[in-house]
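Topology and contacts: notes
What follows is the residue order along each chain.
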Amino acid sequence: MHAGRKYTFLEFIIWTRRDIYNLLILSIIPTVLYHVAGFTFLALTWVPIALLGTAVAFIVGFKNNASYNRLWEARQIYGGIINNSRAFGVMVRDFLPAGQAEEVRPLFYRHFAWLTALRFQLREPRTWENVDQANNREYQRVYIIPERESTLAQELLPYLSEEEYNYVLTKKNRATQLMALQSKHINALGSVLNDFQLMQLQTAITQFYDLQGRVERIKNFPYPRNFSSVATILLYLFVVLVPFGLLKEFNAMGQGTFLEGYTVWFNVPFATLLNWVFLSLDRVGESSANPFEGGANDVPITNISRTIEIDMRDMLDEKDLPPPIVAIHNILM
């Protein structure tokens, strides 16, 4: 995730440069046909286009607001995972008597395995995601998606016994099965835990299942396709019409001055700029709609998982702690 102060204007230009090229071509063609070829009938009345632009602004604004809500909800859920993980670790460490200290480490490490399996599942691609689009993919030159650099089998190996490792890899939803193993292990400790302690630990398991289900809902249910499709259709209709609607306006601008006959060329930069504003706002919403795909604007689930692991291993007084994963601070190419 980008965690610097801000994106620079130049970074936005680089990110959207393909759109800018297309918008320039879209603006040049009607201007040339109008001014050079004399196809004056191409000029459209601006008023209906402006009304369409107002509608598009509302739709794009609604889409961006919904996308931000998805992103913020995802971050809140992972905030809950942080808090509940720490509480779970403290309860496991302190509830178990000294004679059962050897049971603490497997419970901790199985939780690390759950965090690992969950983040790998959330990084699985979906057809509606945008991370592999050209304008997003090129930014992956300055950061990595750890879940694409290794496999789940490799990452789980340090955390599980051989028996559990082989068992979990046969399952489809590995995170769910790992939490089920946690529940089974905790129930097996019922003879050394009182009813209150057992209830607290099982409540923690239930909370982890709830948090997992909530992130899976965001991952597997996209921003509704009907809203997304109508926003895209209307946006591109507006973008196509803008250069035609501004032809008369800019042509009339220079009448009676030494620029008469030339001001129509202002249509190219200004139509491009107006369309770029709308397209860029739409791109911002799209980049936030899927908060687990691995883009530069996503929830940093790998970083968060590593932070939880460091905190919990510190509870065990381990000295060889894994290094933290640093978020992106500057992605200017």
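Here's a quick rundown of the structure. Predicted model only: the values in this text are computed from it and were never measured.

Calculation rules
- Residue indices begin from 1 for each chain and proceed along its sequence in written order.
- Whole-chain, interface and lining totals are the exception, using all residues; otherwise, since this is a predicted model, local features are given only for residues with pLDDT of at least 70 and side-chain atom pairs are given and counted only at 80 or more.
- Excluding hydrogens and water, the side-chain values take into account all heavy atoms of the structure.
- Helix numbers and strand numbers start at the N terminus; a helix is a DSSP run of H or I with at least 4 residues, a strand a run of E with at least 2.
- Contacts are assigned to residue pairs that have any heavy atoms within 4.5 Å of one another.
- To get an axis, a line is fitted to the C-alpha atoms, and for a helix only the part in contact is used. The angle between two axes follows their N-to-C directions and goes from 0 to 180 degrees.
- Working definition: roughly parallel below 35 degrees, roughly antiparallel above 145 degrees, roughly perpendicular at 65 to 115 degrees, and oblique for all remaining angles.
- Handedness of a crossing follows from how the near helix is turned relative to the far one, being left-handed for an anticlockwise turn of less than a right angle and right-handed for a clockwise one.
- Nonpolar residues are Ala, Val, Leu, Ile, Met, Phe, Trp, Tyr, Cys and Pro. Charged residues are Asp, Glu, Lys and Arg, and all others, Gly as well, are polar.
- In a helix, the anticipated span is given by 1.5 Å times the number of residues less one.
- Remark: exposure states derive from per-residue accessible area (1.4 Å probe, protein chains only) relative to the maximum for the residue type, with buried under 20%, exposed over 50%, and partly exposed in between.
- Residues grouped as a nonpolar core are buried Ala, Val, Leu, Ile, Met, Phe, Trp, Tyr and Cys residues, joined through side-chain atoms within 4.5 Å.

Attention now goes to the environment of L247. Along the chain, the position of L247 falls in helix 12 (residues 247-253). Here the alpha-carbon distance between L247 and W265, two residues 18 residues apart in the chain, equals 8.6 Å. Apart from the residues lying within four places of it in its own chain, the contact partners of L247 are P30, T31, Y34, L42, A43, V264 and N267.

We now examine the packing of helix 4 (residues 104-122) against helix 10 (residues 195-220). Their axes nearest at 10 Å, the elements helix 4 and helix 10 cross at an angle of 15°. Relative to helix 10, the element helix 4 is oriented roughly parallel. The hand of the helix 4/helix 10 crossing is right-handed. Residues H111, W114, L118, Q121 and L122 of helix 4 lie in contact with helix 10, whose contacting residues are F208, Q212, V215, E216 and K219. Across the contact of helix 4 with helix 10, the residue classes break down as five nonpolar, three polar and two charged.

Take helix 11 (residues 225-245) next. Look at helix 11: 30 Å from first C-alpha to last across 21 residues, which is about the 30 Å you get at 1.5 Å a residue. Looking at helix 11, one finds that the buried residues are S228, A231, L235, F238, V239, V242, P243, F244 and G245.

Our focus in this paragraph is the packing of helix 3 (residues 46-95) against helix 14 (residues 301-315). Axes are the key here: two packed helices are described by the angle between their axes and the distance separating the axes. Look at helix 3 against helix 14: their axes get within 10 Å of each other, and the N-to-C directions meet at 15°. Put simply, helix 3 runs roughly parallel to helix 14. As helix 3 packs across helix 14, the resulting crossing turns out to be right-handed. Contacts from R75, Y78, I81, I82, S85, R86, F88, G89, V90 and R93 of helix 3 reach helix 14 at I301, I304, S305, T307, I308, D311, M312 and M315. Here the contact of helix 3 with helix 14 is composed, by residue class, of 10 nonpolar, four polar and four charged.

Formed by 50 residues in total, the largest nonpolar core has its most connected members in Y78, F88, W114, L178 and F292. Top element by residues in this core is helix 4. It accounts for 12 residues. Excluding anything up to four places from it in sequence, F88 contacts L107, H111, Q182, I186, L201, A204, I205, F208 and M312. Counting residues in hydrophobic clusters, the runner-up holds 16 residues, among them V60, V239, V242 and F278.

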